[in-house]
Amino acid sequence: MDLKDKLLTSHIAFEDNLKADSPLYDLRSNALKVFEEKGFPSKKEENWKYTSLNSLLKKDYCISPKGDTDIEFKNVKQYFLHNVDTYKVVFIDGVYSSYLSETTHDGIDVCLLSSAFDKSKYRPVIESYFNKAAKKEGLTQLNTAFTKEGAFIHIPKNKEADKPIEIIYFSTGNEATLFVQPRNLIIADENAHVQIIERHQSLSSNAVLTNAVTEIFADKRAMVDYYKIQNDTPEASLVDSTYIKQERESICSVHTFSFGGKITRNNLQFTQEGEYCDSILNGVTIIGDKQHVDHNTLVHHIAENCESHQDYKGIFDDSSTGVFNGKVYVEKEAQKLDAFQQNNNILISDKATINAKPQLEIFADDVKCSHGCTIGQMDSDALFYMRSRGIGEKEAKALLMYAFANNVLESVKIPELKSRINKLIAEKIGVSLGFEL
């Protein structure tokens, strides 16, 4: 039995545990029909032309893990932003860990999605927002069909989260192979502010495949800063789909730092539904060996007087592969906007590969839109200059890589997180930079 058939069969038992009056009952069934029709994506689809999941789908995954909630904090402390106070929503093999988490309902809601599903006071919010931004794509609808657990974050009108929120998914390796499908729902009401850090981390060398979906809604003048830290083990793969809807004067930023994992696919889609929105998409990728990272972005401009800025940097070594497929779509009504897209890449090895496809589709005539892409090797003149000044080759290369990615890192608003990312970059490069960002 292949993975698709296994999932379709197991959904019968999964659905039996769902209350018939649940607002998700029909939604799950319809989502499963979409997945049954479309199945897993293949390279025949234009958006998946450079990324194949075939090697991942051949494994016999456990899709209903029990979860090991006995993990001690000292054993996973390194994966938390432990030098700053944060709210934490932690899951172990897809199961909520109350011991490692710190949630709240004091002015804001930072809790479990399953709690929001079960409590009547949250039903209007769930019915208004859940699955309203997610697209009718096979993997996204598969996640909807099996949605059981994830983070639910609701920042009410004129409220600001008093500290950052960490969403962390641990995989223990208790199962030989594991398939998990977390779902996050984040709502920032009018004038609300929130900072969120998301991480998926395997604690073993066993294979794990994560199909994650996050929906983010930013109301008028809301501010959402979202940071994705992807530095997993060589046998961990991630398909991460994030859908963001913005209303008038809202500012949303997503920073994606991809440093590890076997295959990582980031689907990031913004929809600007009100005037004067600002969308910021930044990313840094540093990979080697046979790792594969694919960034697929879309900014859909519907309203006038908006802005969007995309800046992705990639450093690829050994036989690694990078993909950047970025698209800006401008509706006829979306006049007087400024859309910028840039993708720059450095190939350290002759065997490394980058496939870049920046795209603009513009149907308005009073706009300022630009895109650019560069693919090259280390600047030999700059490297020679630094070495002539007594800097070792390894350190010189590290400094050039740091300078290459620095403008993306400058926009990180949490100092402790910026310091952590700086250290991760130093580890990937293999040197100590000797300074903090």
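Residues numbered from 1 in each chain as written. Predicted model: local features only at pLDDT ≥ 70, side-chain atom pairs only at ≥ 80, totals over all residues. Heavy atoms only, no water.

Draft legend 1. Layout of the domain arrangement of the chain. What the domain assignment reports for the chain is domain 1 (3–274) and domain 2 (380–437). For domain 1 versus domain 2, the separation of C-alpha centres amounts to 31 Å. Residue-level contacts link 19 residues of domain 1 with 13 residues of domain 2. Surface buried jointly by domain 1 and domain 2 totals about 1,400 Å² across both partners, of which 66% is contributed by carbon and sulfur atoms. (Domains from an automatic or database assignment. Contact = heavy atoms within 4.5 Å. Buried area = accessible area lost by both parts, 1.4 Å probe.)

Draft legend 2. Structural context of the layout of surface pockets. When its volume is computed, the second largest pocket comes out at roughly 430 Å³. Along its surface, the second largest pocket is lined by 27 residues, and Asn-47, Trp-48, Glu-137, Arg-265 and Gln-269 are the ones closest to its centre. Of all the secondary structure elements, the ones that give two or more residues to the lining of the second largest pocket are helix H7 (138–145), strand E11 (236–246), strand E13 (263–272), strand E15 (292–301) and strand E17 (321–330). No other element matches the five residues that E13 contributes to the lining of the second largest pocket. For the lining of the second largest pocket, the per-class residue count stands at eight nonpolar, 13 polar and six charged. (1 Å grid on protein atoms, 1.4 Å probe; cavity = no way out; pocket = protein on both sides within 12 Å on 5 of 7 lines; lining within 4 Å. Points joined across faces, edges and corners; volume = space filled by probe spheres on them. Helix = DSSP H or I, 4+ residues; strand = E, 2+ residues; numbered from the N terminus. Nonpolar A, V, L, I, M, F, W, Y, C, P; charged D, E, K, R; others polar.)

Draft legend 3. Summary view of the packing of helix H9 (residues 393–409) against helix H10 (residues 415–429). Between H9 and H10, the shortest axis-to-axis distance is 11 Å and the interhelical angle comes to 145 degrees. The chirality of how H9 crosses H10 is right-handed. Residues Lys-394, Ala-398, Met-401 and Leu-409 of H9 lie in contact with H10, whose contacting residues are Lys-418, Ile-421, Ile-425 and Ile-429. For the contact of H9 with H10, the residue count by class is six nonpolar, no polar and two charged. (Axes fitted to C-alpha atoms, helices over the stretch in contact; angles between N-to-C directions. Left-handed = near helix turned anticlockwise from the far one by under 90°.)

Draft legend 4. Representation of the packing of aromatic side chains. Under the defined criterion, the tally for this structure stands at 13 aromatic pairs. Between the aromatic rings of Tyr-122 and Phe-152, the centroid separation amounts to 5.4 Å while the plane-to-plane angle is 65 degrees, which identifies the pairing as edge-to-face. Placement of Tyr-122 in the loop between helix H5 (113–118) and helix H6 (123–129) and of Phe-152 in strand E4 (residues 151–155) is noted, with a sequence separation of 30 residues between them. Among the residues examined, Tyr-122 registers a relative accessible area of 4% and is labelled buried. With a centroid separation of 6.4 Å and 35 degrees between ring planes, the pair formed by Phe-257 and Phe-259 is classed as tilted. Taken individually, Phe-257 and Phe-259 each receive the classification buried, so the pair is uniform in this respect. Of note, Arg-265 hangs over the ring of Trp-48, and the distance from its end group to the ring centre comes to 3.8 Å. Against the face of Phe-404 rests Lys-313, its NZ or CZ located 5.3 Å from the ring centre. (Phe/Tyr/Trp six-rings, centres within 6.5 Å; stacked < 30°, edge-to-face > 60°. Buried < 20%, exposed > 50% of the residue type's maximum accessible area, 1.4 Å probe, protein only. Lys NZ or Arg CZ within 6 Å of the ring centre and 35° of its normal.)

Draft legend 5. Quick peek at the packing of helix H2 (residues 25–38) against H7. Orientation of H2 relative to H7, taken along the N-to-C sense of each, is 145 degrees, at an axis distance of 8 Å. Once H2 is placed against H7, the crossing between them reads as left-handed. Of the residues in H7, those touching H2 at Leu-27, Arg-28, Ala-31, Leu-32, Val-34, Phe-35 and Lys-38 are Gly-138, Gln-141, Leu-142, Thr-144 and Ala-145. Classifying every residue of the contact of H2 with H7 by side-chain character gives seven nonpolar, three polar and two charged.

Draft legend 6. Structural detail: the side chain of Thr-285. Note that Thr-285 resides in strand E14 (residues 278–287). A distance of 2.9 Å separates polar atoms of two side chains, one belonging to Thr-285 and the other to His-295. Beyond its immediate sequence surroundings of up to four residues, Thr-285 is in contact with Ser-258, Val-293, His-295, Lys-313, Gly-314, Ile-315 and Phe-316. (Polar contact = N/O pair within 3.5 Å; in protein donor to acceptor, adjacent residues only side chain to side chain.)

Draft legend 7. Seen up close, the pairing of E4. For E4, the tally of buried residues reaches five of five residues, placing the bulk of the element in the interior. Where strand E3 (residues 109–112) meets E4, four bridges bridge the pair, whose relative direction is antiparallel. Paired with Leu-112 across the two strands is Ala-151, which belongs to E4. Relative to strand E7 (residues 183–188), E4 runs parallel, the two being bridged by four bridges. (Pairing = 2+ DSSP bridges.)

Draft legend 8. Representation of H2 in the model. Taking 1.5 Å as the rise per residue, H2 with 14 residues should run 20 Å; its terminal C-alpha atoms sit 21 Å apart, in good agreement. Restricting attention to buried positions, one finds in H2 the residues Arg-28, Ala-31, Leu-32, Val-34 and Phe-35. For H2, the buried positions fall inside an angular range of 160 degrees around the axis, keeping them on one side. Seen from the open side of H2, the exposed residues pointing more than 90 degrees away from its buried face are Asp-26, Lys-33 and Glu-37. (Expected span 1.5 Å × (residues − 1). Arc of directions from axis to C-beta.)

Draft legend 9. View of the environment of Ala-303. As for its position among the elements, Ala-303 is in the loop between E15 and strand E16 (307–316). Between the alpha carbons of Ala-303 and Gly-274 there is a distance of 5.4 Å; along the sequence they are 29 residues apart. Non-local contacts of Ala-303, meaning those with residues more than four positions away in its chain, are made with Gln-272, Glu-273, Gly-274, Glu-275, Ala-334 and Leu-337.

Draft legend 10. Representation of H9 in the model. If you check H9, its first and last C-alpha atoms are 24 Å apart, about what 17 residues at 1.5 Å a residue would give, namely 24 Å. Most pronounced at Ala-403, the bend in H9 amounts to some 30 degrees. Taken together, the buried positions of H9 are occupied by Ala-396, Ala-398, Leu-400, Met-401, Tyr-402, Phe-404, Ala-405, Asn-406, Val-408 and Leu-409. (Bend = angle between axes of the 7 residues up to and from the residue.)

Draft legend 11. Representation of the environment of Trp-48. Tracing the backbone shows Trp-48 in the loop between H2 and helix H3 (54–57). By relative accessible area, Trp-48 is classed as buried at 7%. Measuring from C-alpha to C-alpha, the distance between Trp-48 and Cys-369 comes to 25 Å, with 321 residues separating the pair along the chain. Not counting residues up to four positions away in its chain, the partners in contact with Trp-48 are Pro-41, Ser-42, Lys-43, Leu-53, Leu-139, Val-239, Arg-265 and Asn-267.

Draft legend 12. Representation of the nonpolar core. Within the largest apolar cluster, 32 residues are counted, with the highest numbers of intra-cluster contacts made by Ile-153, Ile-196 and Phe-270. Apart from residues lying up to four places away in sequence, Ile-196 is in contact with Ile-153, Ile-165, Ile-167, Ile-186, Asp-225, Tyr-226 and Tyr-227. Counting 28 residues, the second largest nonpolar core, distinct from the first, contains Phe-259, Met-386, Leu-417 and Ile-425. (Core = buried A, V, L, I, M, F, W, Y, C linked by side-chain atoms within 4.5 Å.)

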